[in-house]
Amino acid sequence: HYENFKTKLIEGLSKLKYGDPMLPDTQVGPLSRDDIYDNLADQLKHLPSSYKIIWQRQDVQRPFFPFTVVEGTDETYDHETFGPVFTLFCAEDE
C-alpha cells in the first residue's frame, strides 16, 4: 500500500498547475514572502540524516516553491514546514 500511495502522490503532484492565483485554472500559487521561501529551502537542506528528498518538481521557479516529497523513518522530525512539502514514512501496521 505504501509504495502505491507514494507513486500516486508523486503522479498527482506532477500534474498540478502553478500560476497566478487570480486565474481560474491555477491550482497552486506562489509563496507569500521571500523569507518563507528561504526558510523552507533551508529546512530541506538540514533534514535529519534519516530523511531524504525522493522527488521534487523541477519545472517551477521562485516565488513558486516546488512540490517536494521527503521520505524518512519514524525518527521524530518536529519542524513544521509552511509550503508544499510532503513527509512520508512507512508504518509497520495500520
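Scanning the chain from terminus to terminus reveals two helices and three strands. Listing the helices and strands of the chain from first to last along the sequence gives α-α-β-β-β. C-alpha atoms of the chain, sized along the principal axes, occupy 45 × 30 × 20 Å. For the chain, the exposed surface amounts to about 6700 Å²; the carbon and sulfur share of it is 51%. Averaging the locations of the 9 positively and 17 negatively charged side chains of the chain gives two centres separated by 8 Å.

Across four bridges, strand β1 (residues 52–56) lies against strand β2 (residues 68–71) in antiparallel orientation. By the bridge assignment for β2, I53 is matched with V70. Direction of pairing for β2 relative to strand β3 (residues 85–88): parallel, over a ladder of four bridges. When the sheet's bridge partners are listed, E71 is paired in β3 with L88.

For the chain, per-residue confidence averages 90 on the pLDDT scale, and 94% of positions sit at 70 or higher. The lowest-confidence element of the chain is β3, averaging 90 in pLDDT; the highest-confidence one is helix α1 (residues 2–15), averaging 96.

On to the sheet that holds β3, then. Reading across the sheet, the three strands line up as β1-β2-β3 and stay open at both edges, with mixed pairing between neighbours. Both edges of this open sheet fall to β1 and β3, since each of them pairs with a single strand only. Strand-to-strand twist of the sheet, defined as the mean angle between neighbouring strand axes without regard to direction, takes the value 25°. Along the sheet, α1 contacts β1, β2 and β3; its crossing angle with β3, the most-contacted strand, is approximately 175°.

A complete count under the given rule lists four aromatic pairs for this structure. Between Y18 and F64 the ring centres are 5.7 Å apart and the planes differ by 85°, which places this aromatic pair in the edge-to-face class. Note that Y18 is positioned in the loop between α1 and α2 (34–45) and F64 in the loop between β1 and β2, a separation of 46 residues in sequence. In this structure, Y18 and F64 share a single accessibility class: buried. Between Y18 and F67, the aromatic rings sit 5.5 Å apart at their centres with planes inclined by 55°, giving tilted as the arrangement. Of the two residues, Y18 is situated in the loop between α1 and α2 and F67 in the loop between β1 and β2; the sequence distance between them amounts to 49 residues. Of the two residues examined, Y18 and F67, each falls in the buried class.

What counts and what doesn't
- Residues numbered from 1 in each chain as written.
- Predicted model: local features only at pLDDT ≥ 70, side-chain atom pairs only at ≥ 80, totals over all residues.
- Heavy atoms only, no water.
- Helix = DSSP H or I, 4+ residues; strand = E, 2+ residues; numbered from the N terminus.
- Areas by Shrake-Rupley, 256 points an atom, 1.4 Å probe, with all protein chains shown as cover.
- Lys, Arg positive; Asp, Glu negative; His and termini not counted.
- Charge placed at Lys NZ, Arg CZ, Asp CG, Glu CD.
- Pairing = 2+ DSSP bridges.
- pLDDT = per-residue confidence, 0-100.
- Axes fitted to C-alpha atoms, helices over the stretch in contact; angles between N-to-C directions.
- Contact = heavy atoms within 4.5 Å.
- Phe/Tyr/Trp six-rings, centres within 6.5 Å; stacked < 30°, edge-to-face > 60°.
- Buried < 20%, exposed > 50% of the residue type's maximum accessible area, 1.4 Å probe, protein only.

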